[in-house]
Amino acid sequence: MLPDQTILRIPGPTPIPPSVQQAMSQPMIGHRNQETKDLLQTIKPNLKPVFGTEQDVLILAGSGTAGLEAAVVNTVQPGDEVLIIVTGAFGDRFAQICSEYQITSHRYDVAWGEAVSPEAIKAYLAKHPEIKAVFATYCETSTGVLNPIPELAKVIHQQTDVLFIVDGVSCVGGVQTKMDTWGIDILVTGSQKAMMLPPGLTFAAVSERAWHVINKNERPSFYLDFKRYHDQSANNSTPFTPALSLLFGLKQALAMMEEEGLDHVYKRHQTMKDMARAAFRALNIPLLTTDEAASPTVTAVKPDDFDPEALRKVLKDDFGLSIAGGQKHLKGNIFRIGHMGYCSPADLLQTITIIEIALHKVGKMVELGKGTKAAQETLLKGGN
Ligand SMILES: *Cc1c(COP(=O)(O)O)cnc(C)c1O
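Scoring rules and cut-offs
- Residues numbered from 1 in each chain as written.
- Predicted model: local features only at pLDDT ≥ 70, side-chain atom pairs only at ≥ 80, totals over all residues.
- Heavy atoms only, no water.
- Pairing = 2+ DSSP bridges.
- Helix = DSSP H or I, 4+ residues; strand = E, 2+ residues; numbered from the N terminus.
- Axes fitted to C-alpha atoms, helices over the stretch in contact; angles between N-to-C directions.
- Contact = heavy atoms within 4.5 Å.
- Near = heavy atom within 4 Å.
- Polar contact = N/O pair within 3.5 Å; in protein donor to acceptor, adjacent residues only side chain to side chain.
- Areas by Shrake-Rupley, 256 points an atom, 1.4 Å probe, with all protein chains shown as cover.
- Buried < 20%, exposed > 50% of the residue type's maximum accessible area, 1.4 Å probe, protein only.
- Arc of directions from axis to C-beta.
- Core = buried A, V, L, I, M, F, W, Y, C linked by side-chain atoms within 4.5 Å.
- Domains from an automatic or database assignment.
- Left-handed = near helix turned anticlockwise from the far one by under 90°.
- Disulfide = S-S within 2.5 Å.
- Phe/Tyr/Trp six-rings, centres within 6.5 Å; stacked < 30°, edge-to-face > 60°.
- Lys NZ or Arg CZ within 6 Å of the ring centre and 35° of its normal.
- UniProt positions renumbered as here; feature names shortened; annotations may be inferred.

The protein has the name Alanine--glyoxylate aminotransferase family protein in an unreviewed UniProt entry, where Lentibacillus cibarius is given as its organism.

If you want it as structure tokens, here you go:
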């Protein structure tokens, strides 16, 4: 192993493209100068297709959780009733935020590793007409599940006028997202997952319906007040000093996505999902989720005859390769491979090949190359 070589295959933060890294080293500019307005003016239209919206995407300096908290605090008030779909650790985070703000929360828990059923949510809402907003996680990073957001949006809007608020932090930019067409009212993401940037920015797009609610809401927040960001966005500005270096990087990351073509970006992620799943299947190591529920951005593996933590240690110590472990009750039971953002099928082949060697080192004697071969065949078939 080279002392300075690190291979980052966790579901965020993710690797940064060299051109983005370089863009971020530009000299500082004045945040009220014309250069900043020009920068925001270039960024604005390029963010919209990533979210699938005609709305301005608001950019806040803060981690993804700041965006989640902003979505809560701008739309609901103490005493309001909301439904939180919890399919893992990040659904649970929405529940914790709501609890902190004394919002009356209904929790709909789904077994970790499974996706939520839209029909079940439809039935739940029919029984609870007092619910004003539904919170869901698009990609549940802790389990590698991609929840059926378009179908959820459909059943939710069919019968009620509740707001549908979605945490898309670990997949927007890597998975097709049509906020306006599907009917998402607030869509949040962060910079350090599929957006190919370091941590530090959170993004939120807000529907017309949600603005009606927000405009009437007494917001108990100053920094997280969406209206401030919205008003300033109209003149290509921000209410507070923006994280300018990250915006330099964002401009370049969006240019890269445009050059590759968003359709190809999504296809690349889908291919990496298929490759990862084919590899572990060929090695006879169980996956946590079904093919239908699996996210294109992160794959969770649930071994039954070796310790995932021992594997992670060998990967890190011998090869500089970081993969993630499990969270909460899945700690010690699963490992997760992030394959989003600046990650290619070639990168994933490297990861799978290294994992095969590391499996031997932890005493799991797989046939070397078998997982790699399955991934290669998947890649050849996908024509990517
Ligand atoms: C990473 C992530 C977040 C945000 O976490 P921060 O550490 O606050 O950036 C939120 N939701 C999901 C689904 C995530 O994967």
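1. Points about the sheet that holds strand β2 (residues 57–61)
Taken in spatial order, the 7 strands of this open sheet run β2-β10-β9-β8-β5-β3-β4, and their pairing is mixed. Two strands bound the open sheet, and with one partner strand each, they are β2 and β4 (104–109). Across the sheet, the mean angle separating the axes of adjacent strands is 20° when strand polarity is ignored. By the bridge criterion, 6 bridges tie strand β3 (residues 81–86) to β4 in an arrangement that is parallel. Within β4, the position partnered with Ile84 by the bridge is Arg107. Contacting β3, β4, β5 (131–137) and β8 (163–167), helix α4 (residues 89–100) runs over the sheet at an angle of about 155° to β3.

2. Describing the site of the ligand
The full set close to the ligand counts 13 residues, and Ser63, Thr65, Thr141, Asp167 and Lys193 are the nearest of them. Interatomic distance of 2.5 Å between a side-chain N/O atom of Ser63 and an oxygen atom of the ligand. Between Asp167 and the ligand, the recorded distance is 2.6 Å, taken from a side-chain N or O atom to a nitrogen atom. In the complex, the protein chains occlude 88% of the 390 Å² of accessible area that the ligand would expose alone.

3. A look at the sheet that holds strand β11 (residues 298–301)
Two strands in a sheet stick together by hydrogen bonds in their backbones, pointing the same way (parallel) or opposite ways (antiparallel). If you walk across this open sheet you meet the 3 strands as β11-β14-β13, and the pairing is antiparallel. Only two strands of the sheet have a single partner each, and these edge strands are β11 and β13 (324–325). Strand direction decides the pairing type here: β11 and strand β14 (residues 335–338), joined by 4 bridges, are antiparallel. Within β14, the position partnered with Val298 by the bridge is Gly338.

4. Remarks on helix α9 (residues 226–233)
In an α-helix there are 3.6 residues to a turn, and that puts residues three or four apart on one side. If you check which residues of α9 are buried, you get Phe226, Tyr229 and Ser233. Seen end-on, α9 carries its buried residues on one side only, within an arc spanning 70°. Contacts from the buried residues of α9 go to α2 (34–51), β2, α3 (64–75), β9 (186–190), β10 (201–206) and α8 (208–216). Where α9 begins, the side chain of Asp225 points an oxygen toward the backbone nitrogen of Lys227, at a separation of 2.9 Å.

5. Here we look at the nonpolar core
With 58 residues, the main nonpolar core has Leu47, Phe164 and Leu250 as its most contacted residues. Ranked by the residues each element gives to this core, the list is headed by helix α10 (residues 244–260), at 8 residues. Shared between two domains, this core takes at least three residues from each, and those domains are domain 1 (7–14 + 262–382) and domain 2 (18–258). Excluding residues that lie within four positions of it along the chain, Phe164 makes contacts with Val134, Ala136, Ile149, Leu152, Ala153, Ile156, His157, Gly183, Ile184, Asp185 and Ile186. Listed in part, the 31 residues of the second largest apolar core include Ala71, Val73, Phe135 and Leu163.

6. With respect to the packing of helix α11 (residues 262–282) against helix α14 (residues 370–382)
Between two packed helices, the angle of one axis relative to the other and the distance separating the axes together describe the packing. As a packed pair, α11 and α14 sit with axes 7 Å apart at the nearest point and diverge in direction by 145°. Pair α11 / α14 crosses with right-handed handedness. On α14, the residues touching Lys267, Thr271, Asp274, Met275, Ala278, Ala279 and Ala282 of α11 are Lys370, Gly371, Ala374, Ala375, Thr378, Leu379 and Gly382.

7. Some thoughts on the pairing of β14
Burial of β14 is two-sided: the residues Phe335 and Ile337 facing one way and the residues Arg336 and Gly338 facing the other way are all buried. By the bridge criterion, 2 bridges tie β13 to β14 in an arrangement that is antiparallel. Looking at the pairing, Ala324 lines up with Arg336 of β14.

8. Brief notes about the state of the cysteines
Overall, the coordinates contain 0 disulfides when judged by the stated rule. For Cys139, which is in no disulfide, the shortest distance to another cysteine sulfur is to Cys171 and amounts to 5.3 Å.

9. Considering the packing of aromatic side chains
Across all of its chains, the model carries 9 aromatic pairs by this definition. Arranged with centres 5.9 Å apart and planes meeting at 70°, the rings of Tyr229 and Phe240 form a pair that is edge-to-face. Of the two residues, Tyr229 sits in helix α9 while Phe240 sits in the loop between α9 and α10, which places them 11 residues apart along the sequence. With a centroid separation of 6.5 Å and an interplanar angle of 40°, the aromatic rings of Phe306 and Phe335 are classed as tilted. With a gap of 29 residues between them, Phe306 in the loop between β11 and α12 (308–319) and Phe335 in strand β14 connect regions that are remote in the sequence. For the pair formed by Phe306 and Phe335, the shared burial category is buried. One aromatic cluster is present, formed by Phe222, Tyr223, Tyr229 and Phe240 through successive ring pairs. Sitting over the face of the ring of Phe90, Lys193 holds its NZ or CZ atom 5.5 Å from the ring centroid. Seen from the ring of Phe222, Arg228 lies directly overhead, with NZ or CZ sitting 3.9 Å from the centre.

10. With respect to the UniProt feature "domain: Aminotransferase class V" (unreviewed entry) in the protein
As recorded in UniProt, the feature "domain: Aminotransferase class V" (unreviewed entry) lies at residues 25–328. Measuring from the first to the last C-alpha atom of residues 25–328 gives 37 Å, for a span that is 44% helix and 17% strand.

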